[in-house]
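Here's the letter readout for the chains.
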Amino acid sequence: MSLKKKINLKQLPKHIAIIMDGNGRWAQKQGRDRTFGHQSGVNAVREAAESAAELGIEYLTLYAFSTENWSRPKSEVDALMSLLVNTIEKETPTLNKNNICLNAIGDIESLPEESRNQLLKTIENTSENDRMTLNLALSYSARWELTEAVKLIVNKVNNGILNIDQIDQELINDHLNTAGMPDPELLIRTSGEYRISNFLLWQIAYAEFYFTDTLWPDFTREDLYKAILNYQCRERRFGKTSEQLLNV
Ligand code: IPE
Ligand code: IPE
Ligand code: MG
């Protein structure tokens, strides 16, 4: 039986973020090259996006390529970039069918022109969709994002647009790539690694973490349901005591 029925739809996270890890190891286990793993990971992306949208998740943020991933062998980076263009182009009708709006976070300017153009085209072509926002983190790292936010804010202060006393957490939020989005309540990482790898450092201040040994290409909708069910068993205290929560 699907775990979907057990999920409490009234207690869904609004925003789920996933560090999709393990493509390379998945391929190597089968004696294939790493690129084959990335290609196979696309099916898991489709599954995760469709099942999250069906449930009523409002934002799904997927870590697809980090700032640090530029240091991988050129052949792997090139393969990932062309996979990006092809997949985004091919998946546009499915995104529209599922009423999913594509968005990107990260240093989009650093992507090769063809990938960037296709990305911007699909973002434009899906912009009217309002069931779920699928955020692709591309050439993204949290320290890059925070550095950019600092530059934007300092620039406004220097130009007299902003007074230093106006700098608060809300203003910092507004200068991040995720401006206008709620913080992820649930962060999933696949492949048995227990680290954040420079992902959404500011936004995950109070996220619940869920780690699984499953390698990303094997991650199915049932795995997503399992993570959500696990999240729904957590007590989110935000610094308070359990007793205080009961008395609300
Ligand atoms: C995640 O899988 C995808 C990207 C980082 C692009 P990996 O490529 O990191 O796979 P492993 O961790 O080497 O198995
Ligand atoms: C994190 O995975 C980035 C993405 C999933 C895109 P990595 O495989 O690059 O992370 P590390 O290097 O193991 O920390
Ligand atoms: Mg990895």
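Report follows, based on the coordinates. (Residues numbered from 1 in each chain as written. Chains lettered and ligands numbered in written order. Predicted model: local features only at pLDDT ≥ 70, side-chain atom pairs only at ≥ 80, totals over all residues. Heavy atoms only, no water.)

Relative orientation of the contacting elements helix α2 (residues 34–55) and helix α3 (residues 74–97) amounts to 30°, with a least axis distance of 10 Å. Taken together, the axes of α2 and α3 lie roughly parallel to each other. Crossing hand, α2 versus α3: right-handed. For the pair formed by α2 and α3, the contact residues are Arg 34, Thr 35, His 38, Gln 39, Val 42, Arg 46 and Glu 50 on the first element and Glu 76, Ala 79, Leu 80, Leu 83, Thr 87, Glu 91 and Thr 94 on the second. (Axes fitted to C-alpha atoms, helices over the stretch in contact; angles between N-to-C directions. Helix = DSSP H or I, 4+ residues; strand = E, 2+ residues; numbered from the N terminus. Parallel < 35°, antiparallel > 145°, perpendicular 65-115°, else oblique. Left-handed = near helix turned anticlockwise from the far one by under 90°. Contact = heavy atoms within 4.5 Å.)

This part covers the layout of surface pockets. By volume, the largest pocket is sized at about 940 Å³. Lining the largest pocket are 42 residues, with Met 20, Asn 23, Tyr 63, Ala 64 and Phe 65 positioned closest to its centre. Sorting the residues of the lining of the largest pocket by element identifies α1 (23–29), α2, β2 (59–66), α3, β3 (100–105) and β4 (132–140) as the ones contributing at least two each. Here the residues of the lining of the largest pocket sort into 20 nonpolar, 11 polar and 11 charged. (1 Å grid on protein atoms, 1.4 Å probe; cavity = no way out; pocket = protein on both sides within 12 Å on 5 of 7 lines; lining within 4 Å. Points joined across faces, edges and corners; volume = space filled by probe spheres on them. Nonpolar A, V, L, I, M, F, W, Y, C, P; charged D, E, K, R; others polar.)

The subject of this paragraph is the environment of Asn 98. Mapping Asn 98 onto the fold places it in the loop between α3 and β3. Along the primary structure Asn 98 and Asp 130 are separated by 32 residues, whereas in three dimensions their C-alpha atoms are 9.6 Å apart. Excluding residues within four positions of it along the chain, Asn 98 makes contact with Glu 50 and Arg 131.

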